[in-house]
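# Observations on chain architecture
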Amino acid sequence: MQVRENRALITGINGQDGSYLAEFLLDKGYEVYGTIKRNSVSENQTARLDNVYNEIKDNLIYADLCDQSSLNNAVHKSKPTEIYNLAAQSHVRISFDQPIYTSLSTGLGTLNLLEAVRIIDPSIKVYQASSSEMFGNSVDDDGYQRETTPLNPASPYGCAKVFAYNICRNYRKSYDLFISNGILFNHESPRRGSNFVTSKVIKAAVQIKKGLKKELVLGNLDATRDWGHAKDYVEAMWLILQHDKPDDFVCATGTSHSVRDLVDYTFSKLDLSTDLVKQDNKYFRPEELENLKGDSSKIMSTLGWHPKYTFESMIDEMIDYWAEKLK
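Residue positions within a chain follow its written sequence, with the count starting from 1. Local features are withheld for residues below a pLDDT of 70 in this predicted model, meaning they are given only at 70 or higher, and side-chain atom pairs are given and counted only at 80 or more; totals for whole chains, interfaces and linings count all residues. Values shown for side chains rest on all heavy atoms present in the structure; no hydrogens or waters enter the calculation.

### Side note on the nonpolar core
Threshold: The set of buried Ala, Val, Leu, Ile, Met, Phe, Trp, Tyr and Cys residues whose side-chain atoms join them within 4.5 Å is what this entry labels a nonpolar core. Relative accessibility decides the category of a residue: with a 1.4 Å probe and only protein chains considered, values under 20% of the type maximum give buried, values over 50% give exposed, and everything between is partly exposed. Elements are defined by DSSP. Helices are runs of H or I of four residues or more, strands are runs of E of two residues or more, and each kind is numbered from the N terminus.
Counting 36 residues, the largest nonpolar core has Ile10, Ile13, Leu25, Val32, Tyr84 and Tyr127 as the members making the most contacts within it. If you list the elements that add at least two residues to this core, you get strand S1 (7-11), helix H1 (16-27), strand S2 (31-36), strand S5 (125-131), helix H8 (230-242), strand S11 (248-251) and helix H10 (297-303). Element by element, the count of residues in this core is highest for H8, at nine residues. The next biggest cluster of nonpolar side chains, apart from the first, holds 23 residues, and it includes Ile202, Ala205, Ile208 and Trp322.

Encoded structure:
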């Protein structure tokens, strides 16, 4: 197979991370291909790609991680030098409702993609989107999670991601493939799906401010997360594949906030009372993951990555987005 310089295939290109990564790579001079799944409402299929749609519309390929032949076709057609595997069933709470599909798409789907690379072109560099959810409630004594922290997932999603992480490491060693894991902690943006807690809180707060909603109902307010911005994290993905050898890197801000902190800051910015926030047990997970906080010292010292957004500037941008969208 002919090797082309600066040619990337992004699985799940129409998601939050995929859309920002597509923009980032196009700015770097890449030819960008991406896989999408069929959606019965095609008008919403590529909404996050509006900024670059005309540049990549002919390079979008229908594929599914659960369908080996479609992955083979995507790799054959795109002839990539780099693959960024971002596709998955990525909602943790929903993974309890759809554990089998989550395992197939998020776990075995990664293996399907690795097989396509191994068979078709072993020279392709692969980035695997691993997750802080793999750690579960396993935390080092200093309160952080890092590359050496034991993996003890607390959800079907986390379990599937552990399989994907380990099979990537196995294929890297067994077949001498360039496969790297980015263990990314929570990252948000205006493009985050509105059923994820950050967008849920911020969208609802703006709706309440505009008189479109009366209250916000949430689950666990005391769980803490290390929240960063997706724009910062897609740069980390790229840097990981530019390293001279495949490796695994934690990517996080190193600062955690509770869901309550998220609510307090957002409602304060909009001059709203948090008395409008209620709790409902149906939004709690069957097994709660209490605290996530990442140590990014390895990626910072090795690759020079540093986040540009703060927790507050990320929320401010999301508030502005929803204020404009719901105008």
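### Observations regarding the environment of Asp142
Relative to the helices and strands, Asp142 resides in the loop between S5 and helix H6 (156-175). In the structure, Asp142 is positioned 16 residues away from Val126 in sequence and 32 Å away in space, judged by C-alpha atoms.

### Notes on the pairing of strand S4 (residues 82-85)
Under the convention used in this document: Two strands pair under a simple rule: DSSP has to find at least two bridges between them.
The two faces of S4 match: Glu82 and Tyr84 on one face and Ile83 and Asn85 on the other face are all buried. Judged from the four bridges that link them, S1 and S4 form a sheet pairing that is parallel. Within S4, the residue paired with Ile10 across the bridge is Tyr84. Of the pairings in the sheet, the one linking S4 to S5 comprises four bridges and is parallel in character. Paired with Tyr84 across the strands is Tyr127, a residue of S5.

### Comments concerning the sheet that holds S2
We count it as follows: Helix axes are fitted to C-alpha atoms over the stretch in contact, other axes to C-alpha atoms as well, and angles between N-to-C directions run from 0 to 180 degrees. Residue contacts follow a heavy-atom distance rule, with two residues in contact if any of their heavy atoms lie within 4.5 Å.
Taken together, the seven strands give an open sheet; going across it, the order is S3-S2-S1-S4-S5-S6-S11, and neighbouring strands pair in parallel fashion. Strands with a single pairing partner mark the edges of an open sheet, and in this sheet they are strand S3 (60-62) and S11. Between one strand axis and the next, the sheet turns through 20° on average, direction left out of account. Against the sheet, H1 touches S1, S2 and S4, its axis set at about 175° to S1.

### Quick look at the pairing of S2
For the record, the criterion: Seen with the strands pointing away from the viewer, any crossover whose path from the first strand over the helix to the second strand runs clockwise is right-handed.
For S2, a buried count of five out of six residues is recorded, marking the element as mostly surrounded by other parts of the structure. Here five bridges tie S1 to S2, and the two strands are oriented parallel to one another. Note on S2: the bridge partner recorded for Arg7 is Glu31. For the crossover that starts at S1, traverses H1 and ends in the parallel S2, the hand is right-handed. With three bridges joining them, S2 and S3 adopt parallel strand pairing. Among the inter-strand pairings, Thr35 is bridged to a residue of S3, identified as Ile61.

### A closer look at the state of the cysteines
Which entries qualify depends on this criterion: A pair of sulfur atoms, both from cysteines and within 2.5 Å, is called a disulfide here.
Taken as a whole, this structure holds zero disulfides when the rule is applied. Not part of a disulfide, Cys168 finds its nearest cysteine sulfur in Cys66, a span of 16 Å. By relative accessible area, Cys168 is classed as buried at 0%.

### Points about the side chain of Asp295
Let me state the cut-off plainly: Polar contacts, as used here, are pairs of N or O atoms within 3.5 Å; protein pairs need one atom able to donate a hydrogen and one able to accept it. Residues neighboring in sequence count only if both atoms are side-chain atoms.
If you trace the backbone, Asp295 turns up in the loop between strand S13 (277-279) and H10. Here Arg146 takes part through its side chain, which lies 2.9 Å from a polar atom of the side chain of Asp295. Apart from the residues lying within four places of it in its own chain, the contact partners of Asp295 are Tyr144, Gln145, Arg146, Glu147 and Val250.

### Thoughts on a nonpolar patch on the surface
Where we set the bar: Patch membership requires more than 30% relative accessible area and the absence of a salt bridge. Residues of like charge join within 9 Å; the nonpolar side chains Val, Leu, Ile, Met, Phe, Trp and Tyr join within 5 Å. Shrake-Rupley sampling with a 1.4 Å probe provides the accessible areas, and residues are treated as covered by the protein chains on show and by no other component. Here, a salt bridge means any Lys or Arg side-chain nitrogen found within 4 Å of an Asp or Glu carboxyl oxygen.
A grouping of Ile100, Leu104, Leu108 and Phe163 is seen on the molecular surface, where their side chains present a nonpolar patch of about 360 Å² in accessible area. In terms of residue count, the dominant contributor to the nonpolar patch is helix H5 (residues 99-120) (three residues). Residue placement: Leu104 occurs in helix H5.

### What to know about the pattern of salt bridges
Tallied over the full model, the rule gives 16 salt bridges. Here Arg169 and Asp248 are joined by a salt bridge, their closest N and O atoms 2.5 Å apart. On the criterion of sequence distance, the pair formed by Arg169 in helix H6 and Asp248 in strand S11 is long-range, its members being 79 residues apart. Accessibility expressed as a relative area gives 26% for Arg169, which makes it partly exposed. Its relative accessible area of 3% is what places Asp248 among the buried residues. Of the charged contacts in the structure, one is a salt bridge between Asp222 and Arg260, with a shortest N-O distance of 2.9 Å. Taken together, the positions of Asp222 in the loop between strand S8 (216-218) and strand S9 (224-225) and Arg260 in helix H9 (residues 259-269) put the pair 38 residues apart, joining distant regions of the chain. Of the residues examined, Arg260 reaches a relative accessible area of 36% and is grouped as partly exposed. In the salt-bridge network here, residues are joined through shared partners; they are Asp140, Asp142, Arg146 and Asp295.

### Considerations on the environment of Arg172
Position of Arg172 among the secondary structure elements: in helix H6. Owing to a relative accessible area of 12%, Arg172 belongs among the buried residues under this scheme. Considered as a pair, Arg172 and Leu114 are 58 residues apart in the sequence and their alpha carbons are 9.7 Å apart. Sequence-distant contacts of Arg172, defined by excluding residues within four places in its chain, comprise Leu177, Ile179, Ser180, Pro246, Asp247 and Asp248. At 3.0 Å, the side chain of Arg172 forms a polar contact with the side chain of Asp248.

Functional significance is not addressed by these values, which are geometric in nature.
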